[in-house]
Amino acid sequence: MIKLNLTVNGAPKQVICDKDETLANVLRENLGFTSVKVGCGTGQCGSCSVIVDDKLVRSCSMKMGRVKDGATVLTTEGIGTPDNLHPIQVSWIANGGAQCGFCTPGFIVSTYALIKSNPSPTRDDIRDWFQKYRNACRCTGYKQLVDAVMDAAAVMRGDKPLDDLLFKIPEDGRIWGSKYPRPTAVAKVTGTLDYGADLGIKMPAETLKCALVQAEVSHAKILSIDTSEAEKMPGVEKVVTHKDVKGKNRITGLITFPSNKGDGWDRPILCDEKVFQYGDAIAIVCADTEKHAKEAAAKVKVELERLPEYMSAPAAMADDAIEIHPGTPNVYYTQKIAKGGETAPIFDSADVVMEGDFFTTRQPHMPIEPDVGFAYLDDEGKLCIHSKSIGLHLHLYMIAPGLGVEPENGVMVQNPTGGTFGYKFSPTMEALVGAACLATGKPVFLAYDWYQQQTYTGKRSPQFTTVRMAADKEGKLLGMETDWTVDHGPYSEFGDLLTLRGAQFIGAGYDIANIRGEGRTVCTNHAWGAAFRGYGGPEAEFPSEVLMDELAEKLGMDPLDLRYKNVYRKGSTTPTGCDPEVYSLPEMIDKLRPKYEEAKKKAKANSTAEVKRGVGIALGVYGSGLDGPDTAEADVRLEEDGSVTVLTCWHDHGQGADMGVLGTAHETLRPLGLKPEQIKLHLNDTRYCPNGGPAGGSRSQVVVGNAIRVGCEMLMAAMNKPDGTFRTYQEMVDEKIDLLHHGKWSAPANNCDENGQGKPFACYMYGLCMAEVAVEIATGNTTVEHLTFVADVGKVNNFLVVDGQIYGGMAQAVGLALSENYEDIKKHSTMKGAGFPYIKQIPDDMEIIYVESQRPDGPHGASGVGEIPLCVPHPAIINGIYNACGVRIRELPALPEKVLAGLKG
Ligand code: MCN
Ligand code: FES
Ligand code: FES
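Parameters at a glance
Residues numbered from 1 in each chain as written. Chains lettered and ligands numbered in written order. Predicted model: local features only at pLDDT ≥ 70, side-chain atom pairs only at ≥ 80, totals over all residues. Heavy atoms only, no water. UniProt positions renumbered as here; feature names shortened; annotations may be inferred. Near = heavy atom within 4 Å. Polar contact = N/O pair within 3.5 Å; in protein donor to acceptor, adjacent residues only side chain to side chain. Areas by Shrake-Rupley, 256 points an atom, 1.4 Å probe, with all protein chains shown as cover. Helix = DSSP H or I, 4+ residues; strand = E, 2+ residues; numbered from the N terminus. Phe/Tyr/Trp six-rings, centres within 6.5 Å; stacked < 30°, edge-to-face > 60°. Buried < 20%, exposed > 50% of the residue type's maximum accessible area, 1.4 Å probe, protein only. Expected span 1.5 Å × (residues − 1). Contact = heavy atoms within 4.5 Å.

As annotated in an unreviewed UniProt entry, the chain carries the name Aldehyde oxidoreductase and comes from Pseudodesulfovibrio portus. UniProt lists a comment for the chain under the heading Sequence similarities (unreviewed entry), and it reads "Belongs to the xanthine dehydrogenase family."

Here is the structure:
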């Protein structure tokens, strides 16, 4: 142990700690400065940035032995507080810099150090700084962060009044369609918002800390689990195995379609008979400290019989492959698409036919915050689970039978969440802490480190897709044939629904009268397939959008002209045979065209022998909702002080559920003349909040938004007096009129049939992207220099949020196109190794053009936005690479060596 006297945020502090402890842990756990967030824990993300003796450091990588006695430390808490914000924090709020907010305190400290050393930074200086100090953000795409630094520096130099950054409510009192800052912004920029790991520190002292015993192979039979040595280790309360799990010990995958050959009960909470993938949890050690729990976990002996590991769909589909789940074939679901007439005769007689094979990767979600959760029994004996779940009611039903708990005896709460991008559509942590709590009867806490986050959470399912398109010589599409194979990993969870997305979205955006095809879901031993932003959209639209480019070349047409000729217009139908709800694609193309012509000229003029420049375009469509009559509920209550409380589950990944609820409710309640702060939010706790449904499928603005709208309208109708004015709270009470109103809304849609035909979504999102890229001929390295995104996401609730969704989604699409992967479990287990895009990989030059077509079924005309910006840019980038240097990439990611091989080939 060592003793140090430090000055932290101007106050003297004494710490006694191990010299090998990290500064991050000491600041967080010994001293309570939980603005210091630990993301990667290995110096790669900057979320733990603090200033030590005027030097910016990543505190997770600084051992206390290296901190000098008497050192001064500055954390975000010391920069500004909620009632005394620093200009950097004000600027972060004004520019929408905090989405999930997990990276925010680290960025704010880093910016503070930057402006101190350079009061007038250029945008490039800022980008160089964040690159050098490894400040990583997975949500924003960085552009709004650079905007925030520029504004903050201007204010600090005295070149701009701080007041310019403060939001002013317009005269009509309306915040819908504005840049009103999200309600959680102040807490995020001051580091005062407690995420799961911060709440864990503040749990009661008797809380047990958990460590997992995990598989280090991908497929094996479990012969025995010996916990005897581990049980005797210091501080150990219990080693929980499958024998302690009282229910079915399975998480149900909720099979969506009857033709699925599995039963959905394939994912163990704790492995009993078999290991199905690397990282599978075999036991949970519950101890007094995390250190003791981890030390004991290393002593659990698991005897295994190795089985063949099928790490890709083709391997698992081989004739001699054994069934991964005995009794269920590895190919357990097939989905057809049959629209219009047979395609074979069309292909026989078409003027032009184009075909290609494509592959999209096992893209990792890579939130900065690793998974975390805790559980306890409340005074009524109910099992309460707090986690990053973005589908609380759904997850309760998925895990309750496995745990042996009646759903009504369970409560689920979402913690403030540092990004999920869809991986938290799958419950895992929830079942693990639930099992540990029930087995010990004590509060339990479990946090993954970033390695566990990467190796033991679901991933985007890789997809092998073949597409054929037939067209006449004028470029009119006549027919399409498709074949797609989804590698869904070992667990069936939502795999059939994902496979349906191939039927719904390959070729989406175009009027194609005749389509035939088949897709299949395959069980493998690689990481299980979890929802990932876009859920099947990026996989489906990459092949058809790249093939459209190839077809244009064969026809001798410009790729934009070919698209313009074929996009949805009145009379067109989607691949599922229904009418689109709006026809905005022609207008979107019209808006892009002048920029496109300009960009092509610029690319030609700026190409050299060393660096070739090119322009690529792609378009995309994705549904806002879950298939069929997707439903949400919301309660709206009038309070004594005249304010209104909205209660629902609009789960917040970080996208801005708080702003979504506030904007929607405020717009609906405008006749009451409430100020935004008079609308209170009570969200994401199943004990109090009705079921809004999971925050997947970019559904919440449409579906939960409509439930909120209905609830607000019901309350106003109840308050309405015959003279058109509204009753006060007291009048409502006196007249015994209900104060609480239950809004419910179901989408006017139906499920697709076995041929993939139907009207699955009431609202869609439309995107058109232009990528301007540069390819270095010597290395094959691609730089995306400029992205333009034309978006129709309906009427926009909040522009700070929606801009941020689009920039951030595009940044993830750059990663998908060029660098991200999780295939090699070792190499891809770190942020750097997995190709996480830091700021210099993402263009600062990103432009958004809105076409706001009013949605008939969207609340106040809104559709969704979350996923469309990740469905379109990656094919645009790949098409841009071809346009630049003639190399056609059909398998993502377009790593430099692949492009180089193409250049040489
Ligand atoms: N919005 C708006 N106007 C519109 C449409 C949407 O202002 N016309 C706002 C909404 O109020 C909401 C946000 O945009 O704050 C996204 O709305 P929506 O598209 O309805 O999506 P959800 O709220 O259901 O969020 C989920 C969606 C999905 S599916 C994933 S995955 C995702 C995403 O959003 N993961 C994210 N965005 C993310 N953003 C961050 N920062 N982190 C994630 O993990
Ligand atoms: Fe410290 Fe990532 S750099 S947590
Ligand atoms: Fe940066 Fe979420 S806001 S990681």
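Asks: What is the right way to look at the site of ligand 1 in this model?
Replies: Taken together, 34 residues are adjacent to ligand 1, and Phe421, Ser700, Gln701, Gln805 and Val865 come closest. Within the side chain of Gln655, a nitrogen or oxygen atom sits 2.9 Å from an oxygen atom of ligand 1. Backbone polar atom of Lys795 to a nitrogen atom of ligand 1: 2.8 Å apart, as the coordinates give it. Coverage of ligand 1 by the protein amounts to 99% of the 830 Å² it exposes when considered alone. Contributions of two or more residues to the shell around ligand 1 are made by helix 20 (700-719) and helix 22 (799-818). No other element matches helix 22, which puts three residues into the shell around ligand 1.

Asks: Would you explain the packing of aromatic side chains in this entry?
Replies: Describing an aromatic ring pair means giving the distance of the ring centres and the angle of the ring planes. Here the structure, examined in full by the defined rule, presents 18 aromatic pairs. With 4.5 Å between their ring centres and 45 degrees between their planes, Trp129 and Tyr133 make a pair best called tilted. Of the two residues examined, Trp129 and Tyr133, each falls in the buried class. Look at Phe761 and Tyr764: their rings are 5.6 Å apart centre to centre, the planes differ by 85 degrees, and that puts the pair in the edge-to-face class. Just as Phe761 is buried, Tyr764 falls in that class too.

Asks: In this structure, what is going on with helix 13 (residues 429-440)? I would like to understand it.
Replies: Owing to its 3.6 residues per turn, the α-helix aligns residues three or four sequence positions apart on the same side. For helix 13, with twelve residues, the first-to-last C-alpha span of 16 Å sits near the 16 Å given by 1.5 Å per residue. For helix 13, the buried fraction is high: ten of the twelve residues fall into the buried class. Buried residues of helix 13: Met429, Glu430, Ala431, Leu432, Val433, Gly434, Ala435, Ala436, Cys437 and Thr440, and no others. Two residues or fewer past helix 13, Gly441 is found with a positive phi of approximately 75 degrees.

Asks: Would you mind going over helix 1 (residues 23-30) with me for this structure?
Replies: Listed as buried for helix 1 are Leu23, Ala24, Val26, Leu27 and Arg28. Where helix 1 is buried, its residues contact strand 1 (2-8), strand 2 (11-17), strand 3 (49-52), strand 5 (72-74) and helix 7 (196-201). Backbone geometry just after helix 1 places Gly32 at a positive phi near 80 degrees.

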